[in-house]
Amino acid sequence: MSNRTFTIIKPDSVRKGNFGKIVSRLEEQGFRILGLKKVALTQRQAEGFYAVHSERPFYKDLVSYMTSGPVYVAALQKEGAVASLRTAMGATDPKKADAGSIRAEFGESIEQNAIHGSDSDENAKNEIAFFFAESELSD
Ligand code: IDP
Ligand code: MG
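Below or above, wherever it landed, is the structure these notes cover. (Residues numbered from 1 in each chain as written. Chains lettered and ligands numbered in written order. Predicted model: local features only at pLDDT ≥ 70, side-chain atom pairs only at ≥ 80, totals over all residues. Heavy atoms only, no water.)

So, on to the overall build of the protein. Helix and strand counts for the protein come out as seven helices and four strands. Overall, the protein shows an N-to-C arrangement of helices and strands of β-α-α-β-α-α-β-α-α-β-α. For 139 residues, the compact-globule formula gives about 14 Å, and the C-alpha radius of gyration of the protein, at 14 Å, lands near that figure. By its C-alpha atoms, the protein is 35 × 35 × 25 Å across when sized along the principal axes. Expressed as a percentage of the 139 residues in the protein, the buried residues total 46%. At a minimum sequence separation of 6, the contacts of the protein that also span at least 24 residues come to 77%. Roughly 7,400 Å² of accessible area belongs to the protein as shown, and the carbon and sulfur atoms make up 48% of that amount. Here the protein carries 18 positive and 19 negative side-chain charges, and the mean point of each set is 4 Å from the other. (Helix = DSSP H or I, 4+ residues; strand = E, 2+ residues; numbered from the N terminus. Rg over C-alpha atoms; globule rule 2.2 N^0.38 Å. Buried < 20%, exposed > 50% of the residue type's maximum accessible area, 1.4 Å probe, protein only. Contact = heavy atoms within 4.5 Å. Areas by Shrake-Rupley, 256 points an atom, 1.4 Å probe, with all protein chains shown as cover. Lys, Arg positive; Asp, Glu negative; His and termini not counted. Charge placed at Lys NZ, Arg CZ, Asp CG, Glu CD.)

Right under this line is the structure:
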């Protein structure tokens, strides 16, 4: 099992000034930040990143949301990182997310849900590589 995962602090979080609070939570829960940067996703990047959802009815809106303002992308390290981040985030729909989870606290809607987290070790590896060279990562 890999000890890495990938997150995006999404545009709604950055807009509302919740970036620091969310990163604090992650650090409190034992994640180390291997790499972090602020980026304004291009349409092409957002489409590529979410290509797996290209046939879903919400794809177009998702791409406009993810390009609506800057985001922070980060590579994180923790034992069992992928599962641990998914638990910390909560369910996709903030209304269904466990109390105390990041999405329950900071998400607006099923679309504007504050944070992205990889759903498997393989996707974590690919998503980290989408934004970072290995030489940009250190613990
Ligand atoms: P996840 O982020 O919890 O892994 P996914 O199913 O991978 O959820 O969906 C990717 C993103 O697409 C979600 O985080 C959310 O921003 C958006 N999304 C997912 N389902 C819906 C929906 O039913 N309506 C609108 N947006 C959605
Ligand atoms: Mg997903």
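All residues in the neighbourhood of ligand 1 are listed as K10, Y50, H53, F58, L62, R86, T92, R103, I110, E111 and N113. Measuring from an oxygen atom of ligand 1, one finds a side-chain N or O atom of R86 at 2.9 Å. Contact between ligand 1 and N113: an oxygen atom at 2.9 Å from a side-chain N or O atom of the residue. Bound to the protein, ligand 1 loses 79% of the 530 Å² it would expose on its own. Here the residues of the shell around ligand 1 sort into four nonpolar, three polar and four charged. (Near = heavy atom within 4 Å. Polar contact = N/O pair within 3.5 Å; in protein donor to acceptor, adjacent residues only side chain to side chain. Nonpolar A, V, L, I, M, F, W, Y, C, P; charged D, E, K, R; others polar.)

So, on to the nonpolar core. Grouped together as the largest cluster of nonpolar side chains are 20 residues, with contacts concentrated most on F6, M66, V73, F131 and F132. At the level of elements, strand 1 (4-9), strand 2 (32-39), helix 3 (43-49), helix 4 (59-66), strand 3 (71-77) and helix 7 (121-131) are the ones that each hand at least two residues to this core. If you tally residues by element for this core, the top one is helix 4, at five residues. Contact partners of F131, with chain neighbours within four places excluded, come to F6, K37, V39, L41, Q45, F49, V73 and E136. Counting 18 residues, the second largest nonpolar core, distinct from the first, contains V14, F31, Y72 and A88. (Core = buried A, V, L, I, M, F, W, Y, C linked by side-chain atoms within 4.5 Å.)

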